[in-house]
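So you can see what is in the structure, the chains are spelled out below.
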Amino acid sequence: MAVYYTSQFHTNHRGKNKTKKEGKRMRGTKNKRLLFMVSVGVMLISVFAVAITSTSAIAQKGISPRVLERIQTDREARRITVDEYILYKTWAVFDPQKLVGTRYALSAEETKLLRKCGTPIILEIREIWNKLSPKTKAQLKWVFLRPTDPGGGTDGNQHLLPQLYGTEHFLIHWTNGADGGLAEDAPPLTDSDADGTPDYIENLGAIFEYVWNFEISNRGFDMPPNDADLPSNDENNRNPDDRYDIFVYDMNPYGYAKPEYLVNETPENDKTSFIAVENDYIGFSGTQLECMQVTAAHEFHHAIQFGYDYEEKGWWMETTSVYMEDEVYPDINDNYQYLYNWFQY
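Another point: the environment of Glu278. Inspection of the secondary structure puts Glu278 in the loop between β5 (271-277) and α8 (288-306). Discounting residues that sit within four places of it in the chain, Glu278 has contacts with Tyr200, Val248, Tyr249, Asp250, Met251, Pro253, Tyr254 and Phe284. Only 3.4 Å separates the side chain of Glu278 from the backbone nitrogen of Tyr281, close enough to count as a polar contact.

And the structure:
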């Protein structure tokens, strides 16, 4: 099912061209309403179309990861504190090893199925930030940082990514593992054209440019807010120019997007942002290329969402970003792996 958006406006980097701002909120609302109706229809069609072919096969494995539900239920019953609730939930997605020895410990299969987008957890942490204790805030402060900042990685450590690879719209930060960065953060270093940049990084750049063209040029969504001024650059090249920053390092989820700075010169509730993605996708469902493609389509749509309203409902953001995966790359169907668990609710 393909639905195409038409656009009568031309987008330019914010901060460089401020024309037609007065119509932006109306366009954003129209896009969101239309996308909602389309996404609901697509989800219903997809669920019933795939149920016969996918659910029975997955059900044979007896997989029913309900950890996040148990954490939610325990919180609602006040069996755990708000600090425990958000820490357990964060660890389930970002660092399952920390759940070993607790009632929320994950099996290997559950760990694999909980490897998904990390953005919703990040947004929830920020939403309840003022309710958390100083100790918990210290463990989760990375949600406000870039990976190259001290303590900025999902593991609470700094991830130096000295290498830069630029495309028209993106700047990709990566390490070869011998430049001050961690060896485990390096992507596969195969370099077919011997130009000094691994195929993985070049492919990632091409994928993100394809996604940009599809979601912005073809579908008419606004570009993510320009981050030329904030955050300021530093010795670790956290933000060298106004291209959209992609950080590549070792992590448990597919990737995540983080909103950063409010754009004061616009009337919307919009923020600049960046994306971080896994460095090799070893052990993930699907091929490496497929994981790169759906992650780019999904996380970049979050970046677009932050340009309209970074406080939009989390379920809406995640639903429409999963929908966009299937629009950009309709033959991959990475999201089918979660259907069995979805049917359990």
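Okay, the side chain of Glu260 next. Along the polypeptide, Glu260 turns up in strand β4 (residues 255-262). According to the relative accessible area criterion, Glu260 is buried, its value standing at 14%. A polar side-chain atom of Glu260 sits 2.7 Å from a polar atom in the side chain of Arg146. Ignoring anything within four residues of it in the chain, the contact list for Glu260 reads Arg126, Arg146, Pro231, Lys271, Thr272, Ser273 and Phe274.

Right, let's get into the side chain of Lys89. Mapped onto the elements, Lys89 comes out in helix α3 (residues 82-94). Lys89 sits in the buried class, given a relative accessible area of 13%. Engagement of the side chain of Lys89 in a polar contact is seen with the side chain of Tyr85, the distance being 3.0 Å. Residues contacting Lys89, with those up to four places away along its chain left out, are Leu68, Ile71, Gln72, Ile121 and Glu124.

Our next topic: the nonpolar core. Phe208, Ile246, Ile275 and Phe300 are the most contacted members of the largest nonpolar core, which has 42 residues in total. Not counting chain neighbours up to four residues away, the residues in contact with Phe208 comprise Phe170, Ile246, Ile275, Val277, Ala296 and Phe300. In this structure, Val67, Val93, Ile125 and Phe247 belong to the second largest nonpolar core, which totals 32 residues.

Here we come to the sheet that holds β5. Within the open sheet, the five strands sit side by side as β1-β2-β3-β5-β4. Their pairing is mixed. The two strands at the open ends of the sheet, each matched to only one other strand, are β1 (163-166) and β4. In this sheet, adjacent strand axes meet at a mean angle of 25° when their direction is disregarded. Note: β1 against strand β2 (residues 170-174), four bridges, orientation antiparallel. Its bridge partner lying in β2, Tyr165 is registered against Ile172. Where helix α5 (residues 119-127) meets the sheet, it contacts β4 and β5, and its direction lies at approximately 35° from that of β4.

So, about the packing of aromatic side chains. Throughout the structure, instances matching the rule amount to 19 aromatic pairs. Between Phe170 and Phe208, the aromatic rings sit 5.2 Å apart at their centres with planes inclined by 50°, giving tilted as the arrangement. Here Phe208 lies in helix α7 (residues 199-218) and Phe170 lies in strand β2, a separation of 38 residues in the sequence. When its relative accessible area of 0% is taken as the criterion, Phe170 is described as buried. Under the relative-accessibility criterion, Phe208 is labelled buried at 1%. Clustering of aromatic rings is evident, with ring pairs tying together Phe94, Trp142, Phe247, Tyr256 and Phe274. Cation over ring: Arg115 sits above Phe284, and NZ or CZ is 4.0 Å from the ring centre.

Since there are 3.6 residues in each turn of an α-helix, residues three or four apart along the chain are aligned in direction. Over its 19 residues, α8 extends 27 Å from the first C-alpha to the last, a length consistent with the 27 Å expected when each residue adds 1.5 Å. Summarising burial for α8: 16 of the 19 residues are buried, a large majority.

Now for the confidence of the model for the protein chain. For the protein chain, per-residue confidence averages 84 on the pLDDT scale, and 79% of positions sit at 70 or higher. Every residue in residues 1-26 is under pLDDT 50, and counting partners more than four places away or in other chains gives 47 contacts. Note that pLDDT drops below 50 for residues 42-65; the model gives that stretch 32 contacts with residues more than four away or on any other chain.

Cut-offs applied
Residues numbered from 1 in each chain as written. Predicted model: local features only at pLDDT ≥ 70, side-chain atom pairs only at ≥ 80, totals over all residues. Heavy atoms only, no water. Helix = DSSP H or I, 4+ residues; strand = E, 2+ residues; numbered from the N terminus. Contact = heavy atoms within 4.5 Å. Polar contact = N/O pair within 3.5 Å; in protein donor to acceptor, adjacent residues only side chain to side chain. Buried < 20%, exposed > 50% of the residue type's maximum accessible area, 1.4 Å probe, protein only. Core = buried A, V, L, I, M, F, W, Y, C linked by side-chain atoms within 4.5 Å. Pairing = 2+ DSSP bridges. Axes fitted to C-alpha atoms, helices over the stretch in contact; angles between N-to-C directions. Phe/Tyr/Trp six-rings, centres within 6.5 Å; stacked < 30°, edge-to-face > 60°. Lys NZ or Arg CZ within 6 Å of the ring centre and 35° of its normal. Expected span 1.5 Å × (residues − 1). pLDDT = per-residue confidence, 0-100.

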